[in-house]
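# Summary of the model geometry
Spelled out, the chains give:
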Amino acid sequence: MAARSFWSGYLKLSLVTCPVEMMPAVTQAERVRFHTLNEATGNRVVSQYVDSVSGKPVADNDRVRGYPVGEDDYVILTDEEFAAVALETTRTIDIESFVPRASVGLVWRERPHYLVPSEPVGVEAFSVIREAMAATKTVGLSKLVLYRRERPIMIEPRGLGMVVWTLRQADEVRDEAAVFGGIEAVEPPKDAMKLALSLIEERRTDWSEELLGDRVQAALQKIIARKKKGRKVEAPKPEAREETGKVIDLMAALRKSLESEKRKR
């Protein structure tokens, strides 16, 4: 079943406009989910907003958002005031600039969404924008109101569609130079590099989504299935693990690793 769109609007490049719709590229639908229960009664435990002073529950219609300006002092904003901000980016993805695709590092990418034409009349314009980016190996940058605030976004071609990535703000990503600057620049020994390259080659494989399987989720599913049948589940015995302390002899460790990989093959 096709995913339902959660946003619809227009993709715009100068005077070229086409109607589009967007849906999240990721889903949590298949995750194992649990409810919090009262162990004594077996009933579900519910959470609710309560007044921090009176302790009384606060109804949905009585909840507002406030910006703290002092101790117990807030500036309250209404839904209308939130809606008045960045109205032009609520329903239009206006591509403001293009940058080389490789220049946007993964650390800036936050959440992916699939973008597709929403009407047949817009397919031609959509394909022109998509193929022009693919031919120039560029991605488009814009801003869009998503998840209650305006966010920088990146639009990249993918197959017959496009992917819209929400991007992190400039002040959300730490400067890597400040973090990596304390690492000493060391030229790796040629013999060690040769062994490391061989080790990588032994583990090289083709990309597949099966490489991303969640073993914890699979194990939980098995436990749930057994308990539904009334079977007892025993905790697994801890596996014996090799000591992973400080590597004293790098070459010996690399040779041992390579031999182990070849035996597995």
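Use the structure listed above.
Our subject in this report is the structure included herewith. Bear in mind the structure is a predicted one, so any value in this text is a computation, not a measurement.

What follows covers the packing of helix α4 (residues 190-203) against helix α6 (residues 250-264). Any two packed helices are characterised by how steeply their axes cross, that is the angle between the axes, and by the distance between the axes. Contact pair α4 / α6: the axes reach a minimum separation of 9 Å and the direction vectors enclose 20°. Judged by the angle between their axes, α4 and α6 are roughly parallel. α6 is crossed by α4, and the crossing has left-handed handedness. Two secondary-structure elements touch here, α4 through D191, A192, L195, A196, S198, L199, E202 and R203 and α6 through L250, M251, L254, R255, S257, L258, E261, K262 and K264. Looking at side-chain class alone, the contact of α4 with α6 contains eight nonpolar, two polar and seven charged residues.

Most peptide bonds take the trans configuration, and most residues that are not glycine carry a negative phi. Within the chain, S14 stands out as a residue other than glycine whose phi angle is a positive 60°. Positionally, S14 belongs in the loop between β1 (7-13) and β2 (16-24). For S14, a relative accessible area of 56% puts it in the exposed group. Of note in the backbone geometry, K137 takes a positive phi value of approximately 55° without being a glycine. Inspection of the secondary structure assignment puts K137 in the loop between α2 (123-136) and β8 (138-146). In this structure K137 comes out as exposed when scored by relative accessible area, which is 66%.

Scoring rules and cut-offs
Residues numbered from 1 in each chain as written. Predicted model: local features only at pLDDT ≥ 70, side-chain atom pairs only at ≥ 80, totals over all residues. Heavy atoms only, no water. Axes fitted to C-alpha atoms, helices over the stretch in contact; angles between N-to-C directions. Helix = DSSP H or I, 4+ residues; strand = E, 2+ residues; numbered from the N terminus. Parallel < 35°, antiparallel > 145°, perpendicular 65-115°, else oblique. Left-handed = near helix turned anticlockwise from the far one by under 90°. Contact = heavy atoms within 4.5 Å. Nonpolar A, V, L, I, M, F, W, Y, C, P; charged D, E, K, R; others polar. Buried < 20%, exposed > 50% of the residue type's maximum accessible area, 1.4 Å probe, protein only.

Limitation: the analysis is restricted to geometry and does not speak to function.
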